[in-house]
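Fold and geometry: a report
This is what each chain is made of:
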Amino acid sequence: MTGGVGPSAMVVFDWNGTVVLDADRAWESLNAALREQHVAEVPRSAFTTEFRLPMADMFRRLGVAGSEVAVADATWNRRMTTSETTLRPGAVEAIEALHGDGVWLGVVSAAAAAALAHDRSTLGVPDRWGTVLAPAEDKTTVLRALRHHADVAYYVGDTAYDMRCAAASGYVPVGVGDGYAPDEALWEAGATHVLRDLRDLVTLVRGSGSARERAA
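Summary of the structure given here.

1. Topic: the packing of aromatic side chains
- All chains considered together, the criterion is met by six aromatic pairs.
- Aromatic side chains Phe47 and Phe51 sit 5.4 Å apart centroid to centroid with 50° between the ring planes, which places their arrangement in the tilted category. Across this residue pair, the class does not change: Phe47 and Phe51 are buried.
- Ring geometry for Phe47 and Tyr180: centres 5.4 Å apart, planes at 70°, overall edge-to-face. One end of the pair, Phe47, is in helix H2 (residues 47-50); the other, Tyr180, is in the loop between strand S7 (172-176) and helix H9 (183-188), and 133 residues separate them in sequence. This pair shows no difference in class: Phe47 is buried, exactly as Tyr180 is.
- Linked through ring pairs, Phe47, Phe51, Trp76 and Tyr180 together constitute an aromatic cluster.
- Sitting above the plane of the Tyr171 ring, Arg147 keeps its charged end 5.8 Å from the centroid.

Have a look at this one:
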C-alpha cells in the first residue's frame, strides 16, 4: 500500500458527531422529540451527559414510554434532515488520504439512512465507502460482520457506546471530541485516542505515532 500503511487496514466511522459536527442539531432534534411526547426537555449544558446509544434506551430513560419510543425516534431522524450542519475539521482530507492509501472505509451509524444521505449530499462528502450501514441498531454485531476486510481495524466514534462496541468487535477504538459525549467518557469506555481533527487519524493509521494520545 502507499502512504506508509503496512498491513491491510480498515477504518469505519460513526456519522453524527463524528464525521459531522452536529451536537447542536442533535440537541434540538432530541428536544423536538421530547416535546412531542410531553416529556421534559434536556438543557444544552446537559446534552453530552444525557445522550446515550442505543437511542431507544435513551428515550426510555428520559421518560418516553412504550410504543412512543419509536415515534420519538422517527421525530428525531426527521428533524435531523431539516437543518444544516458542518463537517468535522479534516474530514474530507482524511477520507481522501486514507482512500488513497488503500484503506478500506466504511460507515456504521445509528442514524436513519435518509438523514445520513442528506448530510452526504449537502456537505459534499466524498463517496469512498466500501459500505454504508445505517441505521445500525446493534453496532457490535454489524462491526463484527465487517471485521474480515483487513488485518487492522479502527472504529471512529464520539460516544462511550461507540468505544465499547469497537473494543468488543476487534477494532481499535478511536474517539473524537466535540461530539455527543465528553472526552472523559470516551477515555473511560476504552478510547485509545481522542482526536478533534480527522487529519490526525491519517497519522494514526499510517503508524507514525504522532496522533495525540492520552498521557499515561
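2. What about the side chain of His193?
- With respect to the helices and strands, the residue His193 is situated in strand S8 (residues 193-195).
- Among the polar contacts listed, one links the side chain of His193 to the side chain of Thr192, at a separation of 2.9 Å.

3. With respect to the packing of helix H7 (residues 139-146) against helix H8 (residues 160-168)
- Running from amino to carboxyl end, H7 crosses H8 at an angle of 40°, the nearest separation of the two axes being 9 Å. Put simply, H7 runs oblique to H8. For the pair H7 and H8, the sense of crossing is right-handed. Packed against H7, whose contacting residues are Lys139, Thr140, Leu143 and Arg144, the element H8 presents Tyr161, Asp162, Cys165, Ala166 and Ala168 at the interface.

Reading the values: rules and limits
Residues numbered from 1 in each chain as written. Predicted model: local features only at pLDDT ≥ 70, side-chain atom pairs only at ≥ 80, totals over all residues. Heavy atoms only, no water. Phe/Tyr/Trp six-rings, centres within 6.5 Å; stacked < 30°, edge-to-face > 60°. Buried < 20%, exposed > 50% of the residue type's maximum accessible area, 1.4 Å probe, protein only. Helix = DSSP H or I, 4+ residues; strand = E, 2+ residues; numbered from the N terminus. Lys NZ or Arg CZ within 6 Å of the ring centre and 35° of its normal. Polar contact = N/O pair within 3.5 Å; in protein donor to acceptor, adjacent residues only side chain to side chain. Axes fitted to C-alpha atoms, helices over the stretch in contact; angles between N-to-C directions. Parallel < 35°, antiparallel > 145°, perpendicular 65-115°, else oblique. Left-handed = near helix turned anticlockwise from the far one by under 90°. Contact = heavy atoms within 4.5 Å.

The analysis is restricted to geometry; functional conclusions fall outside its scope.
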